[in-house]
Structures are given as C-alpha cells and as structure tokens.
Amino acid sequence: MFNDETEMAAKKDHFGGIAAKQHIVSALMQGPEEHYALGEEVAKTIWAPVMRSHRVTVEQMAILEPGLSETVCASLLVVMSQALDECVKRGVPEQAARDFLLGHMNVLGAVIFKEVDGVFSDACNKARPPP
C-alpha cells in the first residue's frame, strides 16, 4: 500500500515475487536453529525482491497469519467492498465509488499507520470512532 514503485510491473505485482519490493516474515517451525538461515534465503528467493526480512516465533506467526491478515484485514476489506456495492446500488457510478474509496483508503491509511504526519478532517473525526 505504501511503496515507491515506479515501474508498472512492480505496481501490478500484488502478490510479490515478481517485481515489487516487499518485506517478509518467517519463523523456524522445526529443525535445528542453523537451518533458519537457509529457510530465510529460500523465502527471500521466492519473494524477491525483498527489502526487509523479519524473524518471529511460530506463535507470533499464528497471530499474524491468519489472525491479523485473513481474520481481521480480509474481513474489514469485505465490509468495505460491500459498502462500495451498496453505494453503486444507490446510484453512484461504480468507477467513481471505487476511485473515491481507494483514494480515501490511501489517505486515511497513511495517517492511521503514521506514513505521514497528518490529521483527519473535522468531518472524519466526527464520523469515526475514537482511537
């Protein structure tokens, strides 16, 4: 979501491992400690180009996958997609609604995840729950 990709192939590499620079997370589930480095190198090759590689425990990985990713993030994105569909049902042109939502996701995400030193509008602060 927040990157500096300028090449179209990298911008369109949504899953990684082709052209987009990304970060990866790995854990050693079994085997001796000295095998972690080999596994990490395999992961870096599969998902190249890799900017940062993070090591976590197996327990932490379970919190991230599927907890944070599928359970929380995907669920919230489905709700956002359903809200977009509802806007279209009520007459908003689909491309206008999509562009509007994705543009706001970029701005709001940048503020929420501290990519920028920004603040929400007064209207946004009134509409959203407190942090």
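About the thresholds
Residues numbered from 1 in each chain as written. Predicted model: local features only at pLDDT ≥ 70, side-chain atom pairs only at ≥ 80, totals over all residues. Heavy atoms only, no water. Helix = DSSP H or I, 4+ residues; strand = E, 2+ residues; numbered from the N terminus. Expected span 1.5 Å × (residues − 1). Bend = angle between axes of the 7 residues up to and from the residue. Buried < 20%, exposed > 50% of the residue type's maximum accessible area, 1.4 Å probe, protein only. Lys, Arg positive; Asp, Glu negative; His and termini not counted. Salt bridge = Lys/Arg side-chain N within 4 Å of Asp/Glu carboxyl O. Polar contact = N/O pair within 3.5 Å; in protein donor to acceptor, adjacent residues only side chain to side chain. Contact = heavy atoms within 4.5 Å. Pairing = 2+ DSSP bridges. Right-handed = clockwise from strand over helix to strand, strands pointing away.

Chemist: Give a detailed account of helix H3 (residues 58–89), specifying residues and quantitative values.
Modeler: Compared with an ideal rise of 1.5 Å per residue, which puts 32 residues at 46 Å, H3 spans 44 Å between its outermost C-alpha atoms and is within 8% of the ideal. At leucine 68, H3 shows its largest kink, close to 40°. Positioned one or two residues after H3, glycine 91 has a phi angle of 105°, which is positive.

Chemist: Which residues make up the side chain of aspartate 13, and what values do they have?
Modeler: Locating aspartate 13 in the fold gives a position in the loop between helix H1 (8–11) and strand E1 (22–26). Notably, aspartate 13 is buried but unbridged: the nearest opposite-charge side chain belongs to lysine 21, and the N-O separation is 10 Å. A polar contact is formed between the side chain of aspartate 13 and the backbone nitrogen of alanine 19, at a distance of 2.7 Å. Excluding residues within four positions of it along the chain, aspartate 13 makes contact with Ile18, Ala19 and Ala20.

Chemist: Could you give me a rundown of the environment of lysine 11, with the residues and numbers involved?
Modeler: Note on placement: lysine 11 falls in helix H1. For the pair formed by lysine 11 and methionine 1, sequence separation is ten residues and the distance between their alpha carbons is 9.8 Å. Every residue in contact with lysine 11, bar those within four places of it in the chain, is listed here: Glu5 and Thr6.

Chemist: Give me the pairing of strand E2 (residues 50–55): which residues, what numbers.
Modeler: The two faces of the sheet receive side chains in turn, since in a regular strand these alternate between them. Relative to E2, E1 runs parallel, the two sharing five bridges. Within E2, the position partnered with valine 25 by the bridge is histidine 54. Handedness of the crossover joining E1 and E2 through helix H2 (residues 36–46): right-handed.

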